[in-house]
Amino acid sequence: MATRIIPADWIKNWEKSGKHEFVQLCKNLAYKTNHDSTIKDIQAALYELCWHVIQGNFKLDLSASVLCDLMDLRDDMPSILADVFSILDIETSSLEEKNKRDHYTQLVGACLFFVPDAILKERLDPETLESLGLIKQAHQFNQKIVKIKTKLFYKQQKFNLLREENEGYAKLITELGQDLSGNITSHIVLESIKSLIGCFNLDPNRVLDIILEVYECRSDQDEFFLPLIKSYMCEPLTLCHILGFKFKFNQEPNEETPTSLYHIAAALLHHNLIELEDIYVHLMPLDASIVEEHKREITEAKQIARKLTMVVVPSEKTEDKEREKEEEKNDKAPDNQKLGLLEALLRIGDWHHAQSIMDQMPSFYATSHKAIALALCQLLHLTVEPLYRRAGVPKGAKGCLLRPLKNKRAPRPAESFEDLRRDVFSMLCYLGPHLSHDPILFAKIVRLGKGFMKEYQSEGRNDNIKDKMDTLLSCFLSIADQVLLPSLSLMECNACMSEELWGLFKLFPYQHRYRLYGQWKNETYTSHPLLVKVKAQTVDRAKYIMKRLTKENVKPSGRQIGKLSHSNPTILFDYILSQIQWYDNLIGPVVDSLKYLTSLNYDVMAYCIIEALANPEKEKMKHDDTTISSWLQSLASLCGAVFRKYPIELAGLLQYVTNTLKAGKSFDLLILKEVVQKMAGIEITDEMTSEQMEAMTGGEQLKAEGGYFGQIRNTKKSSQRLKDALLDHDLALPLCLLMAQQRNGVVFLEGGEKHLKLVGKLYDQCHDTLVQFGGFLASNLSTEDYIKRVPSIDILCNQFHTPHDAAFFLSRPMYGHQILSKYDELKKAEKSNRQQQKVHKYVAACELVMSPVHEAVVSLHPPRVWDDLRPQFYATFWSLTMYDLAVPHNAYDREVKKLQLQVQVIEENPDVPMNKKKKEKERCTALQEKLQEEEKKQLEHVQRVLHRLKLEKDNWLLAKSTKNETITKFLQLCLFPRCIFSAIDAVYCARFVELVHQQKTPNFCTLLCYDRVFSDIIYTVASCTENESRRYGRFLCCMLETVTRWHSDRAVYEKECGNYPGFLTIFRATGFDGGNKADQLDYENFRHVVHKWHYKLTKASVHCLETGEYTHIRNILIVLTKILPCYPKVLNLGQALECRVHKICLEEKEKRPDLYALAMGYSGQLKGRKAHMVPENEFHHKEQPLRSATPVSQQNGPGTTAKPATNASKTEEGVSEDADRAKDKSQGAAKPANKANSTAAKVTTSNGNGAPNSTKTLKERDDKEKSGKEKKEKKEKTPGSTLETKGESRREKQRDERGASGKEERAPREGKEKTPKADRDKQKAEEKSNKEDNKAKTGNGEPKEPSRERDTGAKESKSKEKGGDRSAMSGSLKSPVPRLESAESERDHKRRKLETHSSPSHSSSVKDNSNEPKDSASKHHINYNSVARSKSRERETDKKESENTRGRSKEKKTDNKDRKDRKRDHMTTDREMSLESKRRKDENGTNSSNKHSKSASPSSGSPVSADKEKTKRSKSSSKEKGESAKPERNSSGGKKESRHDKEKSDKKEKRDSSGGKDEKKHHKSSDKHR
């Protein structure tokens, strides 16, 4: 420091220049303007100079002289120097060097003559003063200081009370209490008071106390007393002490502080005569105790809330109430002086000090006291009054004028919305929920908010103003959150305030509103003790009401709900919704009881529903993960009902559904489905009746009247609201696109770990909602709105990745609108009434509208697709609907008749008043007229469309490749995607195929199309969801209806198909020559083809039923139920199905109840349809084959007959060939279908009747040997061939053994057939007992045999599958139909052995391991399926057969040697057939219950006579026991050899003798066994 102010050079050269420099420095510092810095700098300079002296660097006399010279620079220089000496005194006294202390003492002594003693005595220590000689003794000096301080600070210098005179105080009171209305001022009175004090020796403090007392009594005289007090004593502390004594006096237990004292304290604070901090410490209670009290109140409130939610016995309740009353009496709250002062401050308008006091307390503690809340409300009234008068008063309202405060220091009244930010908003925030004390102020604030929102929403603001307005908007939202809504909760049932608040809230967007409701519901009720209690009371009351709510007392309960909802809607609705989620039967009563709600309450209801739906703690699936939770279903139902019945804004709910779809979740689509169904009256169901389906193909009026289950009326307003909500928030198209995309998302994204059943349900829900929602948009949006929102088809598919079916579904109404509008334009442009010209204009309009569509669809598929299908055909298929193809005249007539009947009923009812009758009649008549007009309009439209299609059809199909390829593409891209889209589309697809056929469309093969649809439906069925199965079933049903119509009547077939290109059998021909009848499929062959289709359907159905897969079984049962009117028509196919379905019923009863229910339902309906089924020979006629033909085993298939008779085999082989080729292509199979078919025709498992087309036995024999070898080779290549070869060798041995005994078998047979009736009756009883014995033996036979047979069968079927055998018999069909008599098989067997040129072959109705539908016998064969066959006819048949046998035996004797040779050749096939028949018969009686229903016991039924059986029983039984232990199969289908000759002969004899009666018994027992 020294170097900086006094350089060392100055001290060295002091005499020369140092002194001058130092004096000059001091002068410069002394004349500085800044007083404080000047003193500091001078002190520093003097300090350094003195420090040099103390250090001994500078002479004492030189320093004393220069210091003396400096005394003249300033008046306070001695004091500054004394300060420097004081610092040096402290520093030197602590130094150890004595010489420095001596230098300091000498320096001060040298300066004594120009520094006064008094200044030094103030600053220096007594010891220093003593050393300087200024005082005698330091000790005495210290004692004197203590005495003076004690006297000064601790002794009170009061006037002696004896010297004060009472008269002075009396005069003082008189002076202060005089009338102040004249010219008396505080200044005059103050002079009088001073005179009185002086004259009567009055104590000034007591005088001040009396002034305050008088002021307290005359508190209205602020203008007089405040200036008086300010002039008399302006010392704040003295005033605070006196006021504090007054407050303390009133803190005694039973004292109450007068309001006048609060007033004068507030007035003094307001005029700054005292400080708040000074007076606050004198007030009671302490802040800490206030905080504790607040906490205690919250705890008590929570306890009360807990008590209300607890279940309490009534006696305990009354005790608790009495206890509470006693506590209230005892605990009278002590006077809170802080709150009293606060109220006084608010009354006079001192907001600044009032705010400071409120900040010291917990939130809303002060305003929870009603007086303070009302005082603050009054202040707010005054503050907002000018702005309210300008911008808030509604038209026609007068209001009462308020007098403004006289206080100029009160908050300034608000003139603009910007002024509200100054004080009003902060006041309201301090007021909080206690604005409820002043509903008028509540309404004023709300109206100011409405006025602001009008200004905010007006346009033309610049950025600066916009920022200010945004700030004000956030302020109003905060006020709504913190003040308005909580205050509404504390108001007692004030519906007007609720409506007033809605007037403001409806101006906010729903996002802001819902945010406010969320805060209100979840946070507000925890912020204050009162609100905690209110919440508990509301829940308690809600419970009370909901317990008693029923359909009968909806009105009174609704009123109670309404009252409760006006104040606390969030709490009430939260409880109601929780109850609805548990008890869905409450939905109806609750919806009806909500009619007394205010608009705000409805909006809160919508928010509460959305919050309940979005509750993250709730699982939207049930615990089994296969169904949607019931709570979600209940809420969805409530949504639909509430939003339809009451005017609630839908935007929030729709946005919520959109957001969940965006997030990839589709559960909440259930809500949208319900809302659209209830509000628009559009319901989606696949369980429509045929009448409803018919109605749905008509216009909108017909749909509304006859198309839906529930007649939902008066949906005009609600559907308009829904439409407005969608359009206003631009949600229509996004919802459609999201649903379309989410369909696949359900499967591939959402359904990863979910149960397959649930995935299917979600997929269906998503799809159904899309169809329903799209239907709503199509019927409710105007043409302009729809076209404006839906983009073109290529953008939908390529840019938005919408599936093609959904994209066309959305675009279809747009095309219809555009075509009609264009058509109207063309009609107006050229007015003409000629029908022909109108049609041409319609076609032109279609071309104009659809040409861009034709171009757009090209990008949807690869170029090769368009080689066969034209884009025009593709677009036409996807753009038309059932409305365009046919007019449902029956549906229109039906609905008109219903309305006429209604009119008749109304007229006949005498109870209905006349005016009501008139209204109803007018309504019905108007509806009739509308329906008739609509029918006429549709008829004209359909005619135009059909004409357009007629013109277009020649360019539809190019068929650059085969017709088969064309049909494949048509099915793949058009038919299959659309037939499962909706129930109407399913009907449309079937009708469209029929229409294309009727239009004689070139290159379209109807036969192929139907064949591909009916052949092998397994894959399509398995890939469907539940609802898609219903639609697919409906589609198949419609296709079958057409086929059945053609099948039923030759005339209809000839008319509708006979000369049509769709029934050409040359599938590769691209032209059409209608005159060539040879290329057309005739009627009888068409019946064969239809039978084949029925068979294919049976095969696929049984396969699905036997898979054990849930989806396969469920879907095929649904499909079968749907096609029941048209299928099955053939008795044996129906019985096959019945058997499988019965098996499903037994298996699934405990495991999967839903499948069991489906199966039982179908089974019952199927039995009901049995009466309508016909035998196969009635379903399609089969001509008798030529006698010279060699037999080939026939199978019940798509009835092909012999080539010489008809060309059906050519046709069907062509159909099946193309179909199989397409199938092979799709499945990647390399084997040609024709080879499979030709192979199949030669073996017993062929999918069709083998055609015996040769008259030469040798050629036939060679063919058989070749086919047998080929089969054998195939089997040897497959697994399990070792068992097959062993079986073959065993069969060879058996054939040799049985060949020798063939002669002897016939003699007893002939004898038996000649037996008289009496003898036959005797034999019957014997055979019956023998048969029972044999059955017992069979049942107790070797245990290993059945399992071995099953193993061999399994291996055999596997080898056939690998070998490419696609025959029907190798599948898993089992026929429950009774077999033909084994006698027939035996007779066929004998004929084949005896005749050189065998007679016409008729196969046995064989049954393989998998119980396939049995083979059809030829026409001349007697059908033994019928149970009611007479015995006489049977005897006649036996007689004929015996004669044939005798003739054959004579022929045998003449040509014995040749017969033996041929017998070996025929042995293989013939023996196998008869044994297979016997095995099946035995299997039918002793049907095993293994998975594939294989026979558990060997077959019995060998045609050995009873006499032969008796003579050779011991030999044959022992021999055959050894043989039957090994399972044996023949080359054609793995059939088993017989085991017991005894059993065979017994069964044979029994059948021959007992006829149809015993046959019936036998089947009853077998059914029972099954």
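Residues numbered from 1 in each chain as written. Predicted model: local features only at pLDDT ≥ 70, side-chain atom pairs only at ≥ 80, totals over all residues. Heavy atoms only, no water.

J.: What is the right way to read the overall build of the chain from this model?
T.: Secondary structure assignment for the chain yields 72 helices and zero strands. The 1570 residues of the chain split such that 53% are buried. Put simply, 78% of the contacts in the chain that link residues at least 6 apart link residues at least 24 apart. Put simply, the chain shows about 73,300 Å² of open surface, and 52% of that area lies on carbon and sulfur atoms. (Helix = DSSP H or I, 4+ residues; strand = E, 2+ residues; numbered from the N terminus. Buried < 20%, exposed > 50% of the residue type's maximum accessible area, 1.4 Å probe, protein only. Contact = heavy atoms within 4.5 Å. Areas by Shrake-Rupley, 256 points an atom, 1.4 Å probe, with all protein chains shown as cover.)

J.: Just checking my understanding: could you explain helix 38 (residues 716-728) for this structure?
T.: Counted at 1.5 Å a residue, the expected span for helix 38 with its 13 residues is 18 Å, and the 18 Å between its end C-alpha atoms agrees. For helix 38, the complete set of buried residues consists of Ser718, Ser719, Leu722, Lys723, Ala725, Leu726 and Leu727. Just downstream of helix 38 lies aspartate 730, where phi reads positive at about 50 degrees. (Expected span 1.5 Å × (residues − 1).)

J.: Any chance you could explain the nonpolar core here in plain terms?
T.: For soluble globular proteins, the rule of thumb is that nonpolar side chains tend to be buried together. If you look at the biggest cluster of nonpolar residues, it comprises 317 residues, and the most contacted ones within it are Phe505, Phe970 and Phe1035. Among the elements that take part in this core, helix 25 (residues 463-490) stands out by supplying twelve residues, more than any other. Non-local contacts of phenylalanine 1035, meaning those with residues more than four positions away in its chain, are made with Leu975, Phe976, Cys979, Ala986, Cys989, Ala990 and Val1013. Grouped together as the second largest cluster of nonpolar side chains are 45 residues, Val23, Ala82, Tyr104 and Val115 included. (Core = buried A, V, L, I, M, F, W, Y, C linked by side-chain atoms within 4.5 Å.)

J.: Sorry if this is basic, but what is going on with helix 56 (residues 1110-1122) here?
T.: Because each turn of an α-helix spans 3.6 residues, side chains separated by three or four positions in sequence point in the same direction. Taking 1.5 Å as the rise per residue, helix 56 with 13 residues should run 18 Å; its terminal C-alpha atoms sit 18 Å apart, in good agreement. With twelve of 13 residues buried, helix 56 is to be regarded as a mostly interior element. The elements touched by buried residues of helix 56 are helix 40 (756-780), helix 52 (1018-1022), helix 53 (1026-1048), helix 55 (1083-1106), helix 57 (1131-1151) and helix 58 (1153-1169).

J.: Any chance you could explain unusual backbone geometry here in plain terms?
T.: Among all residues save glycine, negative phi is the norm, and among peptide bonds the norm is trans. For the peptide bond that leads from methionine 284 to proline 285, omega is -5 degrees, which places it in the cis range. With respect to the secondary-structure elements, proline 285 resides in the loop between helix 17 (276-280) and helix 18 (287-309). The step from tyrosine 1127 to proline 1128 runs through a cis peptide bond, and the omega angle for that step is 0 degrees. Tracing the backbone shows proline 1128 in the loop between helix 56 and helix 57. Positioned with a positive phi, asparagine 201 is a non-glycine residue whose angle comes to about 50 degrees.

J.: It is not clear to me how a nonpolar patch on the surface should be interpreted in this structure. Could you clarify?
T.: On the surface, Leu152, Phe153 and Tyr154 cluster together into a nonpolar patch covering about 440 Å² of accessible area. Looking at the secondary structure, you find tyrosine 154 in the loop between helix 10 (138-153) and helix 11 (166-176). (Patch = residues over 30% accessible without salt bridge, like charges linked within 9 Å, V, L, I, M, F, W, Y side chains within 5 Å. Salt bridge = Lys/Arg side-chain N within 4 Å of Asp/Glu carboxyl O.)

J.: Whenever I open this one, the environment of leucine 1131 confuses me. Can you help?
T.: Here leucine 1131 shows up in helix 57. For the pair leucine 1131 and valine 1174, spaced 43 residues apart in sequence, the C-alpha to C-alpha distance is 5.3 Å. The residues touching leucine 1131, leaving out its near neighbours within four places in the chain, are Met1173, Val1174 and Pro1175.

J.: Can you help me understand the packing of helix 45 (residues 871-879) against helix 48 (residues 914-952) in this one?
T.: A pair of packed helices can be characterised by two numbers: the angle between their axes and the separation between those axes. Orientation of helix 45 relative to helix 48, taken along the N-to-C sense of each, is 160 degrees, at an axis distance of 12 Å. With respect to helix 48, the element helix 45 is oriented roughly antiparallel. Between helix 45 and helix 48 the crossing geometry is left-handed. Across the interface between the two elements, Gln872, Thr876 and Ser879 from helix 45 touch Arg948, Leu949 and Glu952 from helix 48. Across the contact of helix 45 with helix 48, the residue classes break down as one nonpolar, three polar and two charged. (Axes fitted to C-alpha atoms, helices over the stretch in contact; angles between N-to-C directions. Parallel < 35°, antiparallel > 145°, perpendicular 65-115°, else oblique. Left-handed = near helix turned anticlockwise from the far one by under 90°. Nonpolar A, V, L, I, M, F, W, Y, C, P; charged D, E, K, R; others polar.)

J.: In this structure, what is going on with the pattern of salt bridges? I would like to understand it.
T.: Opposite charge on two side chains allows them to pair when their charged atoms are near. Per the counting criterion, the structure on display carries 48 salt bridges. The shortest N-O distance in the salt bridge between lysine 450 and glutamate 500 comes to 2.8 Å. With lysine 450 in helix 24 (residues 439-457) and glutamate 500 in helix 26 (residues 495-505), this residue pair connects regions lying 50 residues apart in the sequence. Put simply, Arg991, Glu994, Glu1041, Arg1045 and Glu1056 are held in one network by salt bridges that share partners.

J.: How do you make sense of the side chain of threonine 1001 when you look at a structure like this?
T.: Within the secondary structure layout, threonine 1001 lies in the loop between helix 50 (983-998) and helix 51 (1006-1014). By relative accessible area, which is 1% here, threonine 1001 ends up buried. A distance of 2.8 Å separates a polar atom in the side chain of threonine 1001 from the backbone oxygen of valine 996. For threonine 1001, the residues in contact, after removing those within four places along its chain, are Lys953, Trp956, Leu957, Val996 and Pro1061. (Polar contact = N/O pair within 3.5 Å; in protein donor to acceptor, adjacent residues only side chain to side chain.)

J.: Would you explain the confidence of the model for the chain in this entry?
T.: Fine structural detail should not be taken from predicted coordinates in areas where pLDDT scores are low. Of the residues in the chain, 70% reach a pLDDT of 70 or more, and the chain-wide mean stands at 75. This model gives residues 1184-1261 a pLDDT under 50, and the stretch forms 185 contacts once residues within four places in sequence are excluded. Every residue in residues 1331-1432 scores below 50 in pLDDT, and together they form 297 contacts with partners more than four places removed in sequence or on other chains. (pLDDT = per-residue confidence, 0-100.)

J.: What's the story with the state of the cysteines in this structure? I'm lost.
T.: By definition, a disulfide is the covalent link that joins the sulfur atoms of two cysteine residues. Summed over the entire model, instances satisfying the criterion amount to zero disulfides. Among the cysteines around cysteine 1005, which has no disulfide bond, cysteine 1009 carries the closest sulfur, lying 8.6 Å off. Accessibility expressed as a relative area gives 0% for cysteine 1005, which makes it buried. (Disulfide = S-S within 2.5 Å.)

J.: Explain the environment of lysine 620 here, please?
T.: The residue lysine 620 is located in the loop between helix 32 (599-613) and helix 33 (630-645) in this model. Relative accessible area serves as the criterion here: at 17%, lysine 620 is assigned to the buried category. For the pair lysine 620 and phenylalanine 667, spaced 47 residues apart in sequence, the C-alpha separation works out to 7.2 Å. Setting aside residues no more than four positions away along its own chain, lysine 620 makes contact with Leu613, Ile628, Ser629, Trp631, Leu632, Tyr656, Phe667 and Asp668.

J.: Explain a positive patch on the surface to me, please; I cannot follow it from the model alone.
T.: A surface patch of like charges, here positive, comprises Arg541, Lys547, Arg548 and Lys563. Looking at the positive patch element by element, the count peaks at three residues for helix 28 (residues 529-548). You can see arginine 548 is positioned in helix 28. Arginine 548 gets classed as partly exposed once you look at its relative accessible area, which sits at 41%. (Lys, Arg positive; Asp, Glu negative; His and termini not counted. Charge placed at Lys NZ, Arg CZ, Asp CG, Glu CD.)

J.: What should I look at first to understand the packing of aromatic side chains in this one?
T.: With the rule as written, the count across this model stands at 49 aromatic pairs. Ring plane angle 85 degrees and centroid distance 6.3 Å describe the contact between phenylalanine 1086 and tryptophan 1093, whose orientation is recorded as edge-to-face. Among the residues examined, tryptophan 1093 registers a relative accessible area of 2% and is labelled buried. Geometry around phenylalanine 877 places arginine 978 over its ring, the cationic atom sitting 5.6 Å from the centre. (Phe/Tyr/Trp six-rings, centres within 6.5 Å; stacked < 30°, edge-to-face > 60°. Lys NZ or Arg CZ within 6 Å of the ring centre and 35° of its normal.)

J.: Help me out: how do you make sense of the packing of helix 30 (residues 569-582) against helix 33 in this one?
T.: At a minimum axis separation of 7 Å, helix 30 and helix 33 run at an interaxial angle of 120 degrees. Here helix 30 lies oblique to helix 33, going by the angle between them. Note that helix 30 runs across helix 33; the crossing there is right-handed. Listed contacts from helix 33 to Leu577, Ile580 and Gln581 of helix 30 are Trp631, Ser634, Leu635 and Leu638. For the contact of helix 30 with helix 33, the per-class residue count stands at five nonpolar, two polar and no charged.

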